[in-house]
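What follows is each chain in one-letter form.
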Amino acid sequence: MSELVALGKAGVAVRKANDVGRGALVGYLPAGYPTYDGALDGLKALVDGGADVLELGLPYSDPVMDGVTIQRATEIALAGGLRTRDVLSTVEKIAAYSDVPVLVMTYWNPIERYGVDRFAADFASAGGAGLITPDLIPDEGAEWIAAADKHDLDKVFLVSPSSTDERIAMTTAACRGFVYATAVMGVTGARDKPSELAAPLVARVKAATDVPVGVGLGISNGDQAAGVAAFADAAIVGAALVKALGDGGPAAVRELTEELAEGVRREPRAAAGR
């Protein structure tokens, strides 16, 4: 297996950023918020502002990992009638707009309802790169892992500060694209300062794998993105971008994305290692 195949589409994008001496920026927005077209405009603003990977949320009625900002956005999307097929068409339109990889962040229930292999096939046909699955662990994900491998899709699983070394090794072995390191215990949301648990967690993950490591949960500005880029391969930003879209539309998303993109370029990659 070539290194590019092993890395997956998102992993290649992250390493491309790392290889020019910077961290990568992964930006999240939910499909259908504030409207179907509004989400498209927000995602295009992410691309134009300098995001290296897009994380598109598939709205779900019971988003147990998400904080208030993202919960409210997904409630609005669902109230507007958004369905899984609309998420797939959003992926298709964004993939046509840009070659920035599009990952979908989704709870597992909607994928099961749609049909795992059917979703993987339709998602790959739409130009999607892979899934981030916060409530699916690799030891319970055989059906998804098989479908993802069949359709050449990235598999992004999560680790947290409470993960044992054994759990980290098992999880990272199943990942393709990058490993999602949740820097705080609890739900998503912008925070005033980054978690002190992030750097030690990334060090533990890097000891277990060569797959890139992205840090999410809590990053809200360029300074925090710069701090994360000093030790992680990618900074993952969600709630702050969702708030920007709600408050100021696509222009605010692009402005914040540009600030975050400048942030991940500040710290020398030598500090992060490979």
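Quick notes on the rules
- Residues numbered from 1 in each chain as written.
- Predicted model: local features only at pLDDT ≥ 70, side-chain atom pairs only at ≥ 80, totals over all residues.
- Heavy atoms only, no water.
- Pairing = 2+ DSSP bridges.
- Helix = DSSP H or I, 4+ residues; strand = E, 2+ residues; numbered from the N terminus.
- Contact = heavy atoms within 4.5 Å.
- Axes fitted to C-alpha atoms, helices over the stretch in contact; angles between N-to-C directions.
- pLDDT = per-residue confidence, 0-100.
- Core = buried A, V, L, I, M, F, W, Y, C linked by side-chain atoms within 4.5 Å.
- Buried < 20%, exposed > 50% of the residue type's maximum accessible area, 1.4 Å probe, protein only.
- Right-handed = clockwise from strand over helix to strand, strands pointing away.
- Phe/Tyr/Trp six-rings, centres within 6.5 Å; stacked < 30°, edge-to-face > 60°.
- Lys NZ or Arg CZ within 6 Å of the ring centre and 35° of its normal.
- Salt bridge = Lys/Arg side-chain N within 4 Å of Asp/Glu carboxyl O.

Chemist: I tried to follow the sheet that holds strand E7 (residues 179–182) on my own but got confused; where do I start?
Modeler: Sheet strands associate in pairs through backbone hydrogen bonding, adopting either a parallel or an antiparallel arrangement. Overall, parallel pairing links the 9 strands, which are arranged E5-E4-E3-E2-E1-E9-E8-E7-E6 in an open sheet. The sheet terminates laterally at strand E5 (154–156) and strand E6 (158–159), the two strands that pair on one side only. Pairing geometry for strand E4 (residues 130–132) and E5, over 3 bridges, is parallel. Note that in E5 the partner of Ile132 across the bridge is Val156. Sheet strands in contact with helix H11 (residues 239–264) are strand E1 (24–30) and strand E9 (234–237), and its direction is about 175 degrees off that of E1.

Chemist: Is there a simple way to think about the confidence of the model for the chain in this case?
Modeler: Do not read the fine detail of predicted coordinates wherever pLDDT is low. For the chain, the average pLDDT comes to 91, and 89% of its residues sit at 70 or higher. The low-confidence segment residues 185–191, where pLDDT is below 50, has 25 contacts with residues more than four positions distant or belonging to other chains.

Chemist: Quick question: what am I supposed to make of the nonpolar core here?
Modeler: Note that soluble globular proteins tend to have their nonpolar side chains buried in a common cluster. The biggest cluster of nonpolar side chains holds 92 residues, and the ones touching the most others in it are Leu54, Trp144 and Phe178. It is H11 that contributes the most residues to this core, 12 residues altogether. Filtering out sequence-adjacent residues up to four positions away, Trp144 remains in contact with Trp108, Val116, Ala120, Leu131, Leu136, Leu153, Asp154, Lys155 and Phe157.

Chemist: Teacher, can you tell me more about the pairing of E7 here?
Modeler: Side chains on a regular strand alternate between the two faces of the sheet. Of the two faces of E7, the one holding Val179 and Ala181 and the one holding Tyr180 and Thr182 are both buried throughout. Pairing of E6 with E7, which is carried by 2 bridges, proceeds in the parallel orientation. Counted as the bridge partner of Leu158 is Tyr180 from E7. Tracing the backbone out of E6, into helix H8 (residues 165–174) and back to the parallel element E7 gives a crossover that is right-handed. Taken together, the 4 bridges between E7 and strand E8 (residues 213–216) define a ladder with parallel strand orientation. Its bridge partner being in E8, Tyr180 is matched across the sheet by Gly214.

Chemist: What am I meant to see in the packing of aromatic side chains here?
Modeler: To describe a pair of aromatic rings, one takes the distance between the centres and the angle between the planes. The full count for this structure, using the stated rule, is 4 aromatic pairs. Measuring from ring centre to ring centre gives 5.6 Å for Tyr114 and Phe119, while their planes differ by 90 degrees; the resulting arrangement is edge-to-face. Comparing Tyr114 with Phe119, the two get one shared label, buried. Grouping aromatic residues by their ring pairs yields a cluster made of Tyr114, Phe119 and Phe123. The side chain of Arg118 reaches across the aromatic face of Tyr114, ending 4.0 Å from its centre.

Chemist: Mind showing me how you'd approach the pattern of salt bridges here?
Modeler: Pairing is possible between side chains that carry opposite charge, provided their charged atoms lie close to one another. All told, the structure shown has 14 salt bridges when counted by the stated rule. Between Asp233 and Arg15 there is a salt bridge, with its nearest N and O atoms 3.2 Å apart. Highlighted residues: Asp233 in the loop between helix H10 (222–229) and E9 and Arg15 in helix H1 (residues 3–18), separated in sequence by 218 residues. Note that Asp247 is salt-bridged to Lys243, the shortest N-O span being 2.6 Å. With a gap of 4 residues between them, Asp247 and Lys243 both fall in helix H11, about one helical turn apart.

Chemist: Quick question: what am I supposed to make of the environment of Ala129 here?
Modeler: Residue position: Ala129 is located in the loop between helix H6 (116–126) and E4. Linking Ala129 and Val53, residues 76 residues apart in sequence, is a C-alpha distance of 9.6 Å. Among residues more than four places away in sequence, those in contact with Ala129 are Lys9, Pro101, Val102, Leu103, Phe123, Asp152, Leu153 and Asp154.

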